[in-house]
Amino acid sequence: QIQLVESGGGLVKPGGSLTLTCVEPKRTFSVWVTGWYRQSPGKQRELVAKIIDSGQDIYEDSVKGRFSIARDYDKKTLYLGMKNLKPEDTGVYYCHAILYRPGGTLDYWGQGSQVTVSS
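What you see is a predicted model, and the numbers here were worked out from it, not measured in a lab.

**Student:** Give a description of the overall build of the protein that names residues and reports values.
**Tutor:** The helix and strand tally for the protein stands at 0 helices and 11 strands. Scaling as 2.2 N^0.38, a compact globule of 119 residues should have a C-alpha radius of gyration of about 14 Å, and the protein matches this with 14 Å. In terms of overall dimensions, the protein has a C-alpha envelope of 50 × 30 × 25 Å along the principal axes. When each of the 119 residues of the protein is scored for burial, the buried share is 41%. If you take every contact in the protein between residues at least 6 apart in sequence, the share linking residues at least 24 apart comes to 56%.

**Student:** A description of the pattern of salt bridges should follow, citing residues and the corresponding values.
**Tutor:** A full pass over the atoms with the stated rule returns 8 salt bridges. Two residues, R71 and D53, come together in a salt bridge whose shortest N-O distance is 2.4 Å. In this pair, R71 sits in strand β7 (residues 67-71) while D53 sits in the loop between β5 (46-50) and β6 (58-59), placing the two residues 18 residues apart along the sequence. Between D89 and R66 there is a salt bridge, and its shortest N-O distance comes to 2.8 Å. Here the residue D89 occupies a position in the loop between β8 (77-82) and β9 (91-101), and R66 occupies one in the loop between β6 and β7, the gap between them amounting to 23 residues.

**Student:** Tell me about the state of the cysteines, residues and numbers included.
**Tutor:** If you walk through the whole model with that rule in mind, you get 1 disulfide. Residue C22 pairs covalently with C95 via a disulfide, S to S 2.0 Å. Judged by the sign of its S-S torsion, about 45°, the bond between C22 and C95 is right-handed. Highlighted residues: C22 in strand β3 (residues 18-23) and C95 in strand β9, separated in sequence by 73 residues. Accessibility expressed as a relative area gives 0% for C22, which makes it buried.

**Student:** Which residues make up the nonpolar core, and what values do they have?
**Tutor:** Ranked by size, the top nonpolar core spans 26 residues in total, and within it W36, F67, L80, M82 and Y93 carry the most contacts. Among the secondary structure elements, those contributing two or more residues to this core are β3, β4 (31-39), β5, β7, β8, β9 and β11 (113-117). The dominant element in this core, judged by the number of residues it contributes, is β9, at 4 residues.

**Student:** Outline the sheet that holds β7, listing residues and values.
**Tutor:** In space, the 4 strands of this open sheet follow the order β1-β3-β8-β7, with antiparallel pairing throughout. Bordering the open sheet on either side are β1 (5-7) and β7, each of which pairs with just one other strand. Going from strand to strand, the sheet's axes swing by 15° on average, the running direction of each strand aside.

So, how was this worked out
Residues numbered from 1 in each chain as written. Predicted model: local features only at pLDDT ≥ 70, side-chain atom pairs only at ≥ 80, totals over all residues. Heavy atoms only, no water. Helix = DSSP H or I, 4+ residues; strand = E, 2+ residues; numbered from the N terminus. Rg over C-alpha atoms; globule rule 2.2 N^0.38 Å. Buried < 20%, exposed > 50% of the residue type's maximum accessible area, 1.4 Å probe, protein only. Contact = heavy atoms within 4.5 Å. Salt bridge = Lys/Arg side-chain N within 4 Å of Asp/Glu carboxyl O. Disulfide = S-S within 2.5 Å. Core = buried A, V, L, I, M, F, W, Y, C linked by side-chain atoms within 4.5 Å. Pairing = 2+ DSSP bridges. Axes fitted to C-alpha atoms, helices over the stretch in contact; angles between N-to-C directions.

Structural data, given as structure tokens:
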């Protein structure tokens, strides 16, 4: 069974920084961690940042210049560096991974990491 384990969430004041980490601990060959999503109170889950192997990484407009996504070479560990955090960044952050297999792909999600930005 594929699991994604997240860490690094917490409470931070506006202007502060956090780093989220997501690991696929079994290091399954055909599973690649790909991106971070966020679900804020009263909103649907949205893409925050995504690794693009053949081009430029994608960021949601409101986090450009403040968030940075990175992935280890073996595609099993994903990071989200967040700086200059704002109250509107508050939400539950989920990492996403894809299992590649003959005939299609499957999506997997981390357990969610609460990020609260408040003074």
